[in-house]
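# Structural characterization, general
Spelled out from the first residue to the last, the chains are:
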Amino acid sequence: LDKQREGSHYRFYSKEIDTRIFRKLEIKNQLEFALGRDEFTLSYQPQVIAKTQQIVGVEALIRWKNNKLGLITPTEFIPIAEEAGIIIPIGEWVLETACRDAKTWFNKGLPQLRLSVNISPIQLIHDQFEEMVNRVLKQTGFPPENLELEITENVGLYGLDKSLTTLQRLRAMGIGLAIDDFGTGYSSLSYLVDLPIDTIKIDRVFVQNLNTNSKLMTLAEAIIKISKVMNFQTIGEGVETLEELKGLDTLECDQIQGYFFSKPVSTEIMAELLKNGISVETDLRNEDIGA
Ligand code: C2E
Ligand code: MG
Ligand code: MG
Ligand code: MG
């Protein structure tokens, strides 16, 4: 930044940076009290088999409403919670709440499904992570085989060795592992060999406009082919349109998550969805059913 030449620009940028730093500080301050004030909730989004519209999984997504700041997206506050270390208690709250809610659905006799919970790399390298997961499973009675942890490729940035040991031990307990936002992180593909992966989540950047963009279609096809040979299941993320759904269906993507089938909803509405099923008009249904 050349402050001698453009004094006014300098002031403009510096003011913008001030505002950003102030916002971040505000969020950090409010985050310290958010758990105690019961300001978090979870939303759940179904993961669906395209042709049958059967819900086989749900992803838990955190929501935060603060009196002073209003609604703050996880994209904004999770990195700050990570930096401040508050992600540790928040992450525990998320896992416990999600397991309790899903156990409630199971107890009502609703179909058993996979519960996916996002895990920050900071949680994964935390000394008591495995202990915490064990405690939560025990306290809630949630079956480990129905739990899947979603991590991103960025776990590698925090030292894969430690995470790897933890992930292998969790896998031995029956817990599944999904790679979230596949293809957008800072990793080499070698972790696909090293990590005990069950599921690849194809990021929305590859899904958006898939069926009208041949480059994207080719890329998604390659990701799904790699997953098939590696024995991973695939979930297409952020599917909003019938065109995108059809594209992924053509490529034999295993499951679909996105607004097209359902936005993230409350635990009560999720229970309703599980009870009544999803029924969205697609012409995929006729192909396999009743044939
Ligand atoms: P993610 O794990 O990749 O979650 C998917 C995000 O895509 C969610 O945003 C979801 O609401 C959104 N989404 C789902 N379907 C569609 C669609 O069809 N179109 C579009 N445009 N978006 C769709 P959300 O809930 O705002 O979460 C953003 C990110 O914050 C998550 O990305 C995840 O990385 C993080 N996050 C959310 N909850 C938690 C949590 O409990 N713990 C941690 N560590 N991170 C979380
Ligand atoms: Mg996720
Ligand atoms: Mg994702
Ligand atoms: Mg994402």
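Here the structure is a predicted model, which means the values were calculated and not measured. (Residues numbered from 1 in each chain as written. Chains lettered and ligands numbered in written order. Predicted model: local features only at pLDDT ≥ 70, side-chain atom pairs only at ≥ 80, totals over all residues. Heavy atoms only, no water.)

Here the focus is the overall build of the protein chain. When its secondary structure is counted, the protein chain shows twelve helices and nine strands. A globule of 291 residues ought to have a C-alpha radius of gyration of about 19 Å, and the protein chain, at 21 Å, matches this closely. Taking the principal axes of the C-alpha coordinates as reference, the protein chain spans close to 75 × 50 × 40 Å. Pairs at least 24 residues apart make up 69% of the contacts formed inside the protein chain by residues separated by at least 6 positions. (Helix = DSSP H or I, 4+ residues; strand = E, 2+ residues; numbered from the N terminus. Rg over C-alpha atoms; globule rule 2.2 N^0.38 Å. Contact = heavy atoms within 4.5 Å.)

Taken together, the side chains of Leu 189, Val 193, Ile 226, Val 229 and Met 230 make up a nonpolar region of the molecular surface, amounting to roughly 480 Å² of accessible area. A total of three residues in the nonpolar patch trace back to one element, the largest contributor, which is helix α9 (residues 214-230). With respect to the helices and strands, the residue Ile 226 is situated in helix α9. Taking relative accessible area as the criterion, Ile 226 reaches 35% and is therefore assigned partly exposed. (Patch = residues over 30% accessible without salt bridge, like charges linked within 9 Å, V, L, I, M, F, W, Y side chains within 5 Å. Areas by Shrake-Rupley, 256 points an atom, 1.4 Å probe, with all protein chains shown as cover. Salt bridge = Lys/Arg side-chain N within 4 Å of Asp/Glu carboxyl O. Buried < 20%, exposed > 50% of the residue type's maximum accessible area, 1.4 Å probe, protein only.)

This next bit is on the pairing of strand β6 (residues 176-182). Extensive coverage of β6 is indicated by the burial of six of its seven residues. Across five bridges, strand β5 (residues 147-152) lies against β6 in parallel orientation. Each bridged residue has a counterpart across the sheet, and for Thr 152 the counterpart in β6 is Asp 180. Since β5 and β6 lie parallel, the crossover through helix α6 (residues 160-172) that links them has a hand, and here it is right-handed. Pairing between β6 and strand β7 (residues 199-202): three bridges, direction parallel. Bridging from a neighbouring strand, Ala 178 pairs with Thr 199 of β7. (Pairing = 2+ DSSP bridges. Right-handed = clockwise from strand over helix to strand, strands pointing away.)

Evaluation of the coordinates by the stated rule reveals seven aromatic pairs. Judged by centre distance (5.8 Å) and plane angle (35 degrees), the ring pair of Phe 40 and Phe 77 falls under tilted. Of this pair, Phe 40 sits in strand β1 (residues 40-48) while Phe 77 sits in helix α2 (residues 74-84); the two residues are 37 residues apart in sequence, bridging distant segments of the chain. For Phe 40, a relative accessible area of 4% corresponds to the buried category. (Phe/Tyr/Trp six-rings, centres within 6.5 Å; stacked < 30°, edge-to-face > 60°.)

Attention now moves to the coordination of the magnesium ion (ligand 2). The magnesium ion (ligand 2) binds to the protein through Glu 59 (OE), Asn 118 (OD1), Glu 150 (OE) and Asp 180 (OD), with metal-donor distances spanning 2.0 to 2.2 Å. Along the chain, the residues that donate to the magnesium ion (ligand 2) are spaced as E-x58-N-x31-E-x29-D. Between the magnesium ion (ligand 2) and the magnesium ion (ligand 3), a separation of 4.1 Å is found, and both are coordinated by Asp 180. Placement of the pair is Asn 118 in strand β4 (residues 114-118) and Glu 150 in strand β5, with a sequence separation of 32 residues. (Donors = N, O, S within 2.8 Å, 3.2 Å for Na, K, Ca; no water.)

To continue, consider the site of ligand 1. In the region of ligand 1, 22 residues are neighbours, and Arg 63, Asn 118, Asp 180, Glu 240 and Tyr 259 sit closest. In this structure, Gln 45 approaches ligand 1 through a side-chain N or O atom, which is 3.0 Å from a nitrogen atom. Within the contact set of ligand 1, an oxygen atom lies 2.8 Å away from a backbone nitrogen or oxygen of Tyr 259. Contact with the protein chains covers 80% of the free accessible surface of ligand 1, which is 800 Å². Secondary structure elements with two or more residues in the shell around ligand 1: β2 (55-66), α2 and β6. Broken down by element, the shell around ligand 1 gets its largest block of residues, four residues, from β2. The residue makeup of the shell around ligand 1, split by class, is eight nonpolar, six polar and eight charged. (Near = heavy atom within 4 Å. Polar contact = N/O pair within 3.5 Å; in protein donor to acceptor, adjacent residues only side chain to side chain. Nonpolar A, V, L, I, M, F, W, Y, C, P; charged D, E, K, R; others polar.)

This part covers the confidence of the model for the protein chain. Residues of the protein chain with pLDDT of at least 70 account for 93%, and the chain-wide mean is 92. Taken together, the chains of this predicted complex give a pTM of 0.93 and an interface ipTM of 0.98. (pLDDT = per-residue confidence, 0-100.)

As a further point, take the pattern of salt bridges. Evaluation of the coordinates by the stated rule reveals 17 salt bridges. Among the ionic pairs, Arg 100 bridges to Glu 96, the shortest N-O distance being 3.4 Å. Of this pair, Arg 100 and Glu 96 are both found in helix α3 (residues 87-107), four residues apart, which corresponds to roughly one turn of the helix. For Arg 100, a relative accessible area of 42% puts it in the partly exposed group. In this structure, Arg 204 engages Glu 240 in a salt bridge whose closest nitrogen and oxygen atoms are separated by 3.4 Å. Here the residue Arg 204 occupies a position in helix α8 (residues 204-207), and Glu 240 occupies one in the loop between β8 (233-236) and α10 (242-250), the gap between them amounting to 36 residues. A relative accessible area of 24% means that Arg 204 is categorised as partly exposed. Three or more residues joined by partner-sharing salt bridges are found here, namely Glu 59, Glu 150, Lys 201 and Glu 237.

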